[in-house]
Amino acid sequence: MMFSNIQVLQAAAAYSVVGLHLVDSWNNYTGAHFGYSIDFPGGFNGLFFVISGFVNAEATRNRATKPLEFIRKRLVRIIPLYWALSVAIFITTLFGLKTLGIETPDLRRLILSLFFLPTFENGVLVSPTLFVGWTLNFQVLFYLLFGLALSLEQYVCKEITLSTCIAILYILSMIIKWPELGYYSDELLLGFVLGLLISRLHCGCPSFLERIRLGIFGTCLAIGSVFLVGTALISTGVLLQHQHAFIAIAGAMMVFGAIGLEAKGMVMRRKVVLLQGAASYSIFLVHPLILQFAGKAMILTGLNVTIPGTLIGYGGTLALVSITGTAIHLYIERPVSEVLRPKPSSAPLSKFSGLRRRA
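Residues numbered from 1 in each chain as written. Predicted model: local features only at pLDDT ≥ 70, side-chain atom pairs only at ≥ 80, totals over all residues. Heavy atoms only, no water.

Caption draft 1: Expanded view of the packing of helix α1 (residues 4–28) against helix α2 (residues 45–59). One can describe the packing of α1 onto α2 by two numbers: an axis separation of 9 Å at closest approach and a directional angle of 155 degrees. Of the possible angle classes, the one that applies to α1 and α2 is roughly antiparallel. With respect to the hand of their crossing, α1 and α2 are arranged in left-handed fashion. Seen from α1, the contacting residues are Ile6, Leu9, Gln10, Ala13, Ala14 and Val17; seen from α2, they are Asn45, Leu47, Phe48, Ile51, Phe54 and Val55. (Axes fitted to C-alpha atoms, helices over the stretch in contact; angles between N-to-C directions. Helix = DSSP H or I, 4+ residues; strand = E, 2+ residues; numbered from the N terminus. Parallel < 35°, antiparallel > 145°, perpendicular 65-115°, else oblique. Left-handed = near helix turned anticlockwise from the far one by under 90°. Contact = heavy atoms within 4.5 Å.)

Caption draft 2: Layout of the packing of α1 against helix α14 (residues 280–301). It is the contact of α1 with α14, at a shortest axis distance of 9 Å, that shows an interaxial angle of 15 degrees. Our classification of the angle between α1 and α14 gives roughly parallel. Crossing of α1 against α14: the hand is right-handed. Contact with α1, carried on its side by Gln10, Ala11, Ala14, Tyr15, Val17, Val18, His21 and Leu22, involves Ser280, Ile283, Phe284, His287 and Leu291 of α14 and no other residues of that element.

Caption draft 3: Looking closely at helix α4 (residues 107–114). Those residues of α4 that sit buried are Arg109, Leu110, Leu112, Ser113 and Leu114. Residue Phe116 follows α4 closely and has a positive phi angle near 60 degrees. (Buried < 20%, exposed > 50% of the residue type's maximum accessible area, 1.4 Å probe, protein only.)

Caption draft 4: Highlighting the packing of aromatic side chains. Using the criterion set out here, one finds 18 aromatic pairs in the structure. Ring geometry for Trp26 against Phe34: centres 5.1 Å apart, planes inclined by 15 degrees, an arrangement best described as stacked. Assessed through its relative accessible area of 9%, Trp26 is described here as buried. Taking the centre distance of 4.7 Å and the plane angle of 25 degrees together, the rings of Phe49 and Phe192 count as stacked. Residue Phe49 is found in helix α2, and its partner Phe192 is found in helix α8 (residues 190–204); the two are separated by 143 residues along the sequence. When sorted by exposure, Phe49 lands in the same class as Phe192, which is buried. Grouping aromatic residues by their ring pairs yields a cluster made of Phe49, Phe70, Phe120, Trp134, Phe138, Phe142, Tyr143, Phe146, Tyr183, Tyr184 and Phe192. (Phe/Tyr/Trp six-rings, centres within 6.5 Å; stacked < 30°, edge-to-face > 60°.)

Caption draft 5: Inspection of helix α3 (residues 67–94) at higher detail. Here α3 spans 39 Å end to end across 28 residues, near enough to the 40 Å set by a 1.5 Å rise per residue. The sharpest bend along α3 reaches about 35 degrees and sits at Ile79, with the proline Pro80 one to four residues further on. (Expected span 1.5 Å × (residues − 1). Bend = angle between axes of the 7 residues up to and from the residue.)

Caption draft 6: Representation of the confidence of the model for the chain in the model. Predicted confidence across the chain gives a mean pLDDT of 89, with 92% of residues reaching 70 or more. The model gives residues 346–359 a pLDDT under 50, and that stretch makes 29 contacts with residues more than four places away or in other chains. (pLDDT = per-residue confidence, 0-100.)

Caption draft 7: Here's a closer look at the environment of Gly257. The residue Gly257 is located in helix α12 (residues 243–263) in this model. Gly257 gets classed as buried once you look at its relative accessible area, which sits at 0%. Separated by 233 residues in sequence, Gly257 and Asp24 have C-alpha atoms that sit 30 Å apart. Gly257 has contacts with Phe217, Cys220 and Leu221, leaving out every residue within four places of it along the chain.

Laid out in structure tokens, this is it:
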């Protein structure tokens, strides 16, 4: 079942990350000469994780989905484009190009990136070859844990299995001081659990959700959005220490509000917006390369000499990100996924589940 409002949130999450990296470009590259930096300590990736938890729970609701089939289907969705871009970046470094800050070829980093494993050098975490791929490390971990939860679903619900596994990782990270365990005990994993819980509420308590007024869902979406941006902007002290947990909570409020509005008939129907949501993965992966290319073009042409020119350049960059990401989704990502996707071995038990969307 497709949720149009969730696709809108996917687009918003992708473009918020693009905007964050434009801020980085302003601070360190295209706008650094102005002498004015924008402090933006946080990020928005927690929203992706809540959406992922919700969407995967909904996709397997009322289906006897095999764990290995689920994992394979999800990996086929994310691997081809990520591997292609990572290998392409590695190849550019072989020719002496500095792509995304990588000055020399690093085969070990590439291999670990391709297998969705964190890279540590002398105990210090370094980014994957394609630096936004660090989120995919957590995404693949979620797929594996979710597959385990599916295999145990006849004995215990998925939410408990996933929560238990994450709690075990967190406890082990405090006992065993391995950097890898510390990496995989990040509070961002809470977002996956919250997404599952929202799905459980959506399908398990439809009558309860129907009694909630439209304005409450809209308020949840608005407060979650403000909370997400505010947490990313002004986190200090305890807020900064547990920023990822707060971002996951904010993302959960947004997802809850979005599905509630859709259940009440408040559905986004603009195809161009929905297409951006469908293409959010391609946009997310390709945008660092587009930003680097556009940034160099702005400097070479002198467009970034003035603030108006820089802003015009950023507008063109966003347009290029949108066009390129959408084209890659339509003509590369989606066709490849269709070819590689495993054939479903089970049919849904019922045509409809949960709340029905109103026309």
